[in-house]
Amino acid sequence: MTDTPTARLRIATRKSELAMWQARDVQQRLQAAHPAMTISLVPLSTRGDRITDRPLAAIGGKGLFLKELEQALLTGEADIAVHSMKDVPAELEPEFDLPVVLAGGSPFDAFVSNRFDSPADLPAGARLGTSSLRRAAQLKHHRPDLDVASLRGNVGTRLGKLDAGEFDAIVLACAGLERLGMADRIRQQMPPEVCLPAIGQGVMGIEIRAGDLVAAEAIAALNDVDTHVRVTAERAVNARLAGSCHLPIAAFAELEAGQLRLRACVGAPDGSQLVADETTGPTDQAAALGTALAERLLAAGADRILAAL
Ligand SMILES: NCc1[nH]cc(CCC(=O)O)c1CC(=O)O
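Residues numbered from 1 in each chain as written. Predicted model: local features only at pLDDT ≥ 70, side-chain atom pairs only at ≥ 80, totals over all residues.

Observations regarding the site of the ligand
Line of reasoning, step 1. Every residue lining the ligand is accounted for by S84, K86, D87, V155, L172, A173, A175, G176, Q201 and G202.
Line of reasoning, step 2. Every element with two or more residues in the shell around the ligand is listed here: β8 (169–173) and α7 (174–179).
Line of reasoning, step 3. Class assignment of the residues belonging to the shell around the ligand gives a composition of four nonpolar, four polar and two charged.
Line of reasoning, step 4. When residues of the shell around the ligand are sorted by domain, at least three fall in each of domain 1 (8–102 + 203–223) and domain 2 (109–189). (Near = placed C-beta within 6 Å. Helix = DSSP H or I, 4+ residues; strand = E, 2+ residues; numbered from the N terminus. Nonpolar A, V, L, I, M, F, W, Y, C, P; charged D, E, K, R; others polar. Domains from an automatic or database assignment.)

Take a look at the structure:
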């Protein structure tokens, strides 16, 4: 590994336990690549962290978990920002660039319960906690009888509410539970046919100031090319549909025998409608495949589902 002339690098991160784990992971990987560099964390709280009593979709606005971190990049308080790609809107402001995504954790959603093994195992009328419109739309579509209720807060808070008996089951990202050492809470890693993952789920990304070549060079070695291709395809779906991360939109890309397989769906949060489709094509067409799949979803009724929200 080569070293860069940068003497120090400051990493902006959210303060949640999961965000701190992710930022420390990036810090360690960068430190291994640049042993002489002084690398520190700048923990910040975002609007999305401060408002925990309302569903994310009701708070509205893009980049709820990003803005304060981006502000720190602009003021020079930090040099890079580490994000969950799931929380990054499809379009960044022109002041920023996101050149690096890391090889991901699990992209799948976790069914978590103290009494039941899977969604199929839940009795009629069971209370399922999730604040994600995407998860609600898909689970309600398969199981209209479920009582899907809002659940906010960080991973620990959500598990606490399950354990206190507020829900029969909850849905979380497998990646978050695995990173926090709580993989034993996963009762089922839900297959994409049951709950198609969020765009960028399980993937960490690194944002910098546009044109900051020093930061770009310092982080370049952490980029994973296959993950970049997959995330590019998934994010192109979002960009064509709406560009927001708090809508009932799912997209999941996989590399199969050198080809890119991309699945996506849009659903009404009450489960009454679900439009799903998939496509396969060459990896160098990732963005075009995503855009084309989104066009097909729109033509099949996703436009009306999204307009009705
Ligand atoms: N919405 C919060 C959020 N953002 C990223 C993750 C999980 C980690 C990841 O997707 O990389 C989570 C928690 C969850 O959905 O359970």
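With respect to the domain arrangement of the protein
Line of reasoning, step 1. With domains assigned, the protein is organised as domain 1 (8–102 + 203–223), domain 2 (109–189) and domain 3 (236–307).
Line of reasoning, step 2. Domain 1 and domain 2 are separated by 27 Å when their C-alpha centres are compared.
Line of reasoning, step 3. Counting residues at the interface gives nine residues for domain 1, matched by 11 residues for domain 2.
Line of reasoning, step 4. Those elements that place two or more of their residues in the side of domain 1 that touches domain 2 are α1 (17–33) and α3 (56–59).
Line of reasoning, step 5. Top contributing element to the side of domain 1 that touches domain 2 by residue count: α1, with four residues. (Contact = placed C-beta atoms within 7 Å.)

Let's talk about the sheet that holds strand β7 (residues 147–149)
Line of reasoning, step 1. With mixed pairing, the five strands of this open sheet are ordered in space as β7-β6-β8-β5-β9. A strand with exactly one partner marks an edge of an open sheet, and here the two such strands are β7 and β9 (188–189).
Line of reasoning, step 2. Both strand β5 (residues 109–112) and β9 contribute to a ladder of two bridges, which runs antiparallel. Among the inter-strand pairings, A110 is bridged to a residue of β9, identified as Q189. (Pairing = 2+ DSSP bridges.)

Observations regarding the pairing of β5
As a general feature of sheets, a regular strand has side chains that alternate between the two faces.
Line of reasoning, step 1. Burial along β5 is two-sided: the face carrying D109 and F111 and the face carrying A110 and V112 are both buried.
Line of reasoning, step 2. Pairing of β5 with β8, which is carried by four bridges, proceeds in the antiparallel orientation. Following the sheet pairing, V112 is matched in β8 by I170. (Buried ≥ 20, exposed ≤ 12 C-beta atoms within 10 Å, placed from the backbone.)

Observations concerning the sheet that holds strand β12 (residues 259–267)
Line of reasoning, step 1. Taking strand neighbours across the sheet as the criterion, the three strands line up as β11-β12-β13 in an open arrangement whose pairing is antiparallel. Two strands close off the open sheet at either side, each with one partner strand: β11 (249–256) and β13 (274–282). Strand-to-strand twist of the sheet, defined as the mean angle between neighbouring strand axes without regard to direction, takes the value 15°.
Line of reasoning, step 2. As defined by bridge partners, β12 adjoins β13 across nine bridges and the pair is classed as antiparallel. Within β13, the position partnered with C265 by the bridge is A276. (Axes fitted to C-alpha atoms, helices over the stretch in contact; angles between N-to-C directions.)

Looking at unusual backbone geometry
Line of reasoning, step 1. Of note, the phi angle at A257 is positive, near 50°, even though the residue is not glycine.
Line of reasoning, step 2. Tracing the sequence through the fold places A257 in the loop between β11 and β12.

What to know about the pairing of strand β2 (residues 38–44)
Line of reasoning, step 1. Direction of pairing for strand β1 (residues 8–14) relative to β2: parallel, over a ladder of seven bridges. Looking at the pairing, R14 lines up with L44 of β2.
Line of reasoning, step 2. Tracing the backbone out of β1, into α1 and back to the parallel element β2 gives a crossover that is right-handed. (Right-handed = clockwise from strand over helix to strand, strands pointing away.)

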